[in-house]
Amino acid sequence: MDNILRGKNILLGITGGIAAYKAADLTSKLIRLGAKVKVIMTPSATKFVHPLTFQSLTENRVYLDVFGATETYEIGHISLAKWADLFVIAPATANIIGKAAAGIADDLLSTTMLSMEAKTVFAPAMNTVMYGKPVLQDNIKKLKEWGFGFIPPGKGRLACGDWGEGKLADVGIIIQHIEYHLSSKKDMEGLKVLVTAGPTHEAIDPVRYITNPSSGKMGYSIAASCIMRGAEVDLVTGPTNLEPPINARVYKTDSAIDMYNTVLKIFDRVDMVFMTAAVADYRVKETASKKIKKTDDSLILELVRNPDILRELGKRKRRQVLIGFAAETHDLENHAIGKLESKNLDFILGNDVSSDESGFGSDLNRGVLFIRGEGSVPIPMMNKKEFAHRIIDEVMKRIR
Ligand code: CTP
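Residues numbered from 1 in each chain as written. Predicted model: local features only at pLDDT ≥ 70, side-chain atom pairs only at ≥ 80, totals over all residues. Heavy atoms only, no water.

*Asks:* Let's hear about the packing of aromatic side chains: which residues, and what values?
*Replies:* Enumeration according to the criterion identifies two aromatic pairs in this entry. Arranged with centres 5.8 Å apart and planes meeting at 35°, the rings of F122 and F148 form a pair that is tilted. Here the residue F122 occupies a position in strand β5 (residues 119-124), and F148 occupies one in the loop between α8 (134-145) and β6 (149-150), the gap between them amounting to 26 residues. For F122, a relative accessible area of 0% puts it in the buried group. Aromatic pair F122 and F150: ring centres 5.0 Å apart, planes at 20°, arrangement stacked. With a gap of 28 residues between them, F122 in strand β5 and F150 in strand β6 connect regions that are remote in the sequence. In this structure, F122 and F150 share a single accessibility class: buried. An aromatic cluster of at least three residues, connected via ring pairs, comprises F122, F148 and F150. (Phe/Tyr/Trp six-rings, centres within 6.5 Å; stacked < 30°, edge-to-face > 60°. Helix = DSSP H or I, 4+ residues; strand = E, 2+ residues; numbered from the N terminus. Buried < 20%, exposed > 50% of the residue type's maximum accessible area, 1.4 Å probe, protein only.)

*Asks:* Account for a nonpolar patch on the surface, with residues named and values stated.
*Replies:* A contiguous nonpolar surface patch, about 370 Å² in accessible area, is contributed by Y282, L299, L301 and L303. If you trace the backbone, L299 turns up in the loop between β15 (282-284) and β16 (303-305). Residue classification places L299 among the exposed residues on the basis of a relative accessible area of 58%. (Patch = residues over 30% accessible without salt bridge, like charges linked within 9 Å, V, L, I, M, F, W, Y side chains within 5 Å. Areas by Shrake-Rupley, 256 points an atom, 1.4 Å probe, with all protein chains shown as cover. Salt bridge = Lys/Arg side-chain N within 4 Å of Asp/Glu carboxyl O.)

*Asks:* Could you give an account of the site of the ligand, with specific residues and numbers?
*Replies:* Close to the ligand lie 14 residues; M275, A277, L310, K339 and K343 are nearest. Separating a nitrogen atom of the ligand from a backbone N or O atom of P307 is a distance of 3.0 Å. Contacts to the ligand include K339, whose side-chain N or O atom sits 2.8 Å from an oxygen atom. Relative to its unbound accessible surface of 560 Å², the ligand loses 77% to contact with the protein. For the shell around the ligand, the secondary structure elements donating two or more residues are α12 (309-316) and β17 (321-328). Residue contributions to the shell around the ligand peak at four residues, all from β17. Of the residues belonging to the shell around the ligand, the class tally is nine nonpolar, one polar and four charged. (Near = heavy atom within 4 Å. Polar contact = N/O pair within 3.5 Å; in protein donor to acceptor, adjacent residues only side chain to side chain. Nonpolar A, V, L, I, M, F, W, Y, C, P; charged D, E, K, R; others polar.)

*Asks:* Give me the lowdown on the nonpolar core, citing residues and values where you can.
*Replies:* The biggest cluster of nonpolar side chains holds 36 residues, and the ones touching the most others in it are L12, I14, L26, L30, F54 and I178. Broken down by element, the residue count for this core peaks at six residues, all from helix α9 (residues 171-182). Contact partners of F54, with chain neighbours within four places excluded, come to I14, A20, A23, A24, T27, V39, M41, V49, E59, N60 and V62. Formed by 33 residues, the second largest nonpolar core is a distinct cluster that contains V195, A231, A388 and V395. (Core = buried A, V, L, I, M, F, W, Y, C linked by side-chain atoms within 4.5 Å. Contact = heavy atoms within 4.5 Å.)

*Asks:* Please give an account of the sheet that holds β17 that cites residues and values.
*Replies:* Across the sheet, eight strands lie side by side as β13-β12-β9-β14-β17-β18-β19-β20; this open sheet has mixed pairing. Edge positions in the open sheet fall to β13 (249-252) and β20 (375-383), since each of these has one partner strand only. When strand polarity is set aside, the average angle formed by the axes of neighbouring strands in this sheet is 15°. As paired elements, strand β18 (residues 347-352) and strand β19 (residues 364-371) share five bridges and run antiparallel to each other. (Pairing = 2+ DSSP bridges. Axes fitted to C-alpha atoms, helices over the stretch in contact; angles between N-to-C directions.)

*Asks:* Break down the pattern of salt bridges for me, citing the residues and quoting the values.
*Replies:* Evaluated as defined, the whole model comprises 26 salt bridges. When the shortest N-O distance is used, the salt bridge between D25 and K29 registers 3.1 Å. A residue pair is termed a helical-turn pair when its members lie 3 or 4 positions apart in one helix, as D25 and K29 do in helix α1 (residues 22-32) at four residues. On the basis of relative accessibility, which here comes to 32%, the residue D25 falls in the partly exposed class. Between E312 and R316 there is a salt bridge; the shortest N-O distance is 2.8 Å. Linking E312 with R316, this pair stays in helix α12, spanning four residues, or about one helical turn. A relative accessible area of 17% means that E312 is categorised as buried. Taking relative accessible area as the criterion, R316 reaches 39% and is therefore assigned partly exposed.

In C-alpha cells form, the structure reads like this:
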C-alpha cells in the first residue's frame, strides 16, 4: 500500500478563525504528500489570511463565492463537490458546524457541503466556552450520526488567552485523520495489534539514565498504518517526543521492566505483536536514590540483564503472530535468522543501522524481512510510513 494521499483530490474549506493561518501549513503538507488541493474560503476567513497564500500554495485559484466559482458553464459548487474525494473543513467555526447541522446553504462553502457525495470532515477550532456549549455539542453529535467526520480539537492556550479545549488539532493529526478517511484498504479489520516503540530509560540515579538513540518513528508508523487498515491498536511506548497516532490506546512506559510488565498484561488479548522497541538489554543493578556526586575519578556501575520481552512472548504465544525487529551493524542475516528461531518468531525485520540514511532517528528505512520457514524479502529504502505498510503487506499476505 503506497502513500494514500498521492493523487487524491482534497477540497479544503477554510472558515473564519485565527487558526486559518494553520490551514496554509496543512495545504503545503498535503501537496508535498502528493494530494491535489482546492480551497474554498468563507468571506470571514479571507479577513484572517489572504486568498493569495492558498492560490500560491495550490497553484489553483481560490474559490470565494457561489456566483464566481467557475469561469466555465459548470455550476461551481456542484463541480467542486464532484471533484473532491474528501471535503475537509479546517478550521471549522461553531457557525459552519451549526449551518451544517441545520442544512443552511448561504455561501459557497456551505452550499458545496450540501452538494457533497464524498465525506465531509470538520476540524473545529474555537473558544473553549463556545466548544462546550450544549448546542454545539448537540450539533456535533447529530452530524456524526449522519456520517460526518470530526477531528477533535486539542487542549492548550487559545488565541483569546483562555486555556482549554478548542485549539485546532495539530496539522500532523489532521493529516492522519484525512488518511484514515481516504484509505479504503481495511484488511486488518477485527485484528487486535500490540506495537511497542521507542527506547527504554534505565535509571542510574534520579537525574541520569542509560538509553539508546531509538526515536520511536518506526513503531509509531507501524501503529498508524495498522490503524489506517482497520486494526485495533495498543501502543506500548518508551519515552519519545512523538505525537501518538490517532485512535491508538497508548501506554507510556519508562524502563525495560516497566515495558515488560505492561506488554504481558496486554499480550493475551491480541492477535499480533510488532516489537519495534529498542529495549535495553541491561539495567543498573542498584539505582541510587539520590543524585550521585562526582567524588572519585572513575565510577563503576554494575549492570544486570533485563528480561527479554519478545523471548517471553515467544514462549507464551498461542495464536499470536510475532514480528521482531533486529537492528544490526554487521552480519545482518545470521543475527536476524538466529533471533527469529531462538525467540520463536514468525517474522523478523533485519535493519542495517550502520548507515546514516536509515535506521535510528531517520525518516527513511530499508531492511530485509525474514519469514519463518520461507526465506526473505528485501524492502528497499523508503520513508518509514511506506516502509510500515510494506512490512504489513508481507505479513497480511501470509496470515489471511
Ligand atoms: N527485545 C526484547 N527485549 C529485550 C531485548 C530485545 O523484547 N530485552 C526485542 C526487540 O524489541 C526486537 C528483538 O527483540 O524486536 C531483537 O532485538 P535486538 O536488540 O536486535 O536483539 P537482542 O535479542 O537484544 O540481541 P543483541 O542485543 O545481542 O543483538
